[in-house]
Amino acid sequence: AQRVTQPEKLLSVFKGAPVELKCNYSYSGSPELFWYVQYSRQRLQLLLRHISRESIKGFTADLNKGETSFHLKKPFAQEEDSAMYYCALSGQANAGKSTFGDGTTLTVKP
Amino acid sequence: DTAVSQTPKYLVTQMGNDKSIKCEQNLGHDTMYWYKQDSKKFLKIMFSYNNKELIINETVPNRFSPKSPDKAHLNLHINSLELGDSAVYFCASSLQLTYNEQFFGPGTRLTVL
């Protein structure tokens, strides 16, 4: 079965602290993994995808096929990072269906 | 502006009514989607269309009927609205069906009274 698990529903850190949002997946084959961010009352937007291997707004994520994980990390959190973060998976299986995790709400406190 | 747009932004209606939400993308994408985001912010795919053809229908009640008149539009019609239909509905598009970033619309907040 195709599944994305984000174990933390809520995550709270202080400004300047490191942050890691966890994402584990289950998929038969080679998936593509994404992180989307939704700021308060706004649309979802892509933050990063594993194949581009970019750092966006200081965030990075590495695909670990052995652990089937795609954790999102930032060394120094900022207040403007407070948002809802969704990990998502896409692949050839299941008619290309994308599966989203349940999301993690990140709060960065001053 | 190149984007995914939805109308209306807010929709408040009574139980039992029929309503439609419209979605348009001018990105030249082949694939469009409807998602439901509930009060707990869980995001669930409802439908996906590729080149106007229904690809995914994710066990959505048949009161929900998507229609894609062309590749740039995917509308959602909902019959006999129920309280549990209250949610934010997001339209999205992607270049192709697989391995592609999705571009989301601003959402339609539906409240059923």
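Residues numbered from 1 in each chain as written. Chains lettered and ligands numbered in written order. Predicted model: local features only at pLDDT ≥ 70, side-chain atom pairs only at ≥ 80, totals over all residues. Heavy atoms only, no water.

## Some remarks on the overall build of chain A
Okay, so step 1: For chain A, the helix and strand inventory stands at one helix and eleven strands.
Okay, so step 2: Along the chain direction, N to C, the helices and strands of chain A fall in the order β-β-β-β-β-β-β-β-β-α-β-β.
Okay, so step 3: Its C-alpha atoms give chain A a radius of gyration of 14 Å, within 12% of the compact-globule value 13 Å for 110 residues.
Okay, so step 4: Taken over the C-alpha atoms alone, chain A extends approximately 45 × 30 × 25 Å along its principal axes. (Helix = DSSP H or I, 4+ residues; strand = E, 2+ residues; numbered from the N terminus. Rg over C-alpha atoms; globule rule 2.2 N^0.38 Å.)

## Overview of the sheet that holds strand β3 (residues 19-21) of chain A
Residues and elements named next belong to chain A.
Okay, so step 1: The three strands are arranged β3-β8-β7 in an open sheet whose pairing can be described as antiparallel. Each edge of the open sheet carries a strand with a single partner, namely β3 and β7 (60-61).
Okay, so step 2: Two elements, β7 and strand β8 (residues 72-74), share two bridges in a ladder whose sense is antiparallel. When the bridges of β8 are listed, A61 appears paired with L72. (Pairing = 2+ DSSP bridges.)

## What to know about the environment of A:D81
All names here are of chain A.
Okay, so step 1: Within the secondary structure, D81 is located in the loop between β8 and β9 (83-90).
Okay, so step 2: You can call D81 buried: its relative accessible area is 3%.
Okay, so step 3: C-alpha separation for the pair D81 and F14, spaced 67 residues apart in sequence, amounts to 11 Å.
Okay, so step 4: Apart from the residues lying within four places of it in its own chain, the contact partners of D81 are F59, K74, F76, L106 and V108.
Okay, so step 5: A polar side-chain atom of D81 sits 2.8 Å from a polar atom in the side chain of K74.
Okay, so step 6: At 2.8 Å, the side chain of D81 forms a polar contact with the backbone nitrogen of Q78. (Buried < 20%, exposed > 50% of the residue type's maximum accessible area, 1.4 Å probe, protein only. Contact = heavy atoms within 4.5 Å. Polar contact = N/O pair within 3.5 Å; in protein donor to acceptor, adjacent residues only side chain to side chain.)

## Thoughts on the sheet that holds strand β7 (residues 64-70) of chain B
Residues and elements named next belong to chain B.
Okay, so step 1: Read from one edge of the open sheet, four strands run β1-β3-β8-β7, paired in antiparallel fashion. The strands lining the two open edges of the sheet, one partner per strand, are β1 (4-7) and β7. Taken over all neighbouring pairs, the strand axes of this sheet differ in orientation by 20° on average, direction set aside.
Okay, so step 2: Where strand β3 (residues 19-25) meets strand β8 (residues 73-78), four bridges bridge the pair, whose relative direction is antiparallel. The residue bridging S20 from the neighbouring strand is H77, located in β8. (Axes fitted to C-alpha atoms, helices over the stretch in contact; angles between N-to-C directions.)

## What to know about the pairing of β1(B)
All names here are of chain B.
Okay, so step 1: Burial of β1 is one-sided: the residues V4 and Q6 facing one way are buried, the residues S5 and T7 facing the other way are not.
Okay, so step 2: With four bridges connecting them, β1 and β3 associate as antiparallel partners. What sits directly across from Q6, in β3, is C23.

## Notes on the nonpolar core
Okay, so step 1: By size, the foremost hydrophobic cluster in this structure holds 25 residues, and its most contacted members are A:W35, A:L72 and A:Y85.
Okay, so step 2: Among the elements of the structure, β2 (10-14), β3, β5 (32-38), β6 (45-49), β9 and β11 (104-109) of chain A are those that each provide at least two residues to this core.
Okay, so step 3: Aside from chain neighbours lying at most four places away, what touches A:Y85 is A:Q6, A:L21, A:W35, A:Y36, A:V37, A:L47, A:F59, A:L72, A:G103, A:T104 and A:L106.
Okay, so step 4: Within the second largest apolar cluster, 20 residues are counted, among which are B:L11, B:F47, B:C91 and B:V112. (Core = buried A, V, L, I, M, F, W, Y, C linked by side-chain atoms within 4.5 Å.)

## Looking at the confidence of the model for chain A
Okay, so step 1: Per-residue confidence for chain A gives a mean pLDDT of 92; residues scoring 70 or more make up 100%.
Okay, so step 2: Averaged over each element, pLDDT in chain A is lowest for helix α1 (residues 93-96) of chain A (71) and highest for β11(A) (98). (pLDDT = per-residue confidence, 0-100.)

## Some thoughts on the interface of chain A and chain B
By a widespread convention, an interface's size corresponds to the accessible area lost as its parts come together.
Okay, so step 1: Counting residues at the interface gives 25 residues for chain A and 24 residues for chain B.
Okay, so step 2: Between chain A and chain B lies a buried interface of about 2100 Å² when both sides are counted; carbon and sulfur atoms form 50% of it.
Okay, so step 3: Seen at the junction of chain A and chain B, the total is one salt bridge.
Okay, so step 4: When the shortest N-O distance is used, the salt bridge between B:K44 and A:D102 registers 3.8 Å. (Buried area = accessible area lost by both parts, 1.4 Å probe. Salt bridge = Lys/Arg side-chain N within 4 Å of Asp/Glu carboxyl O.)

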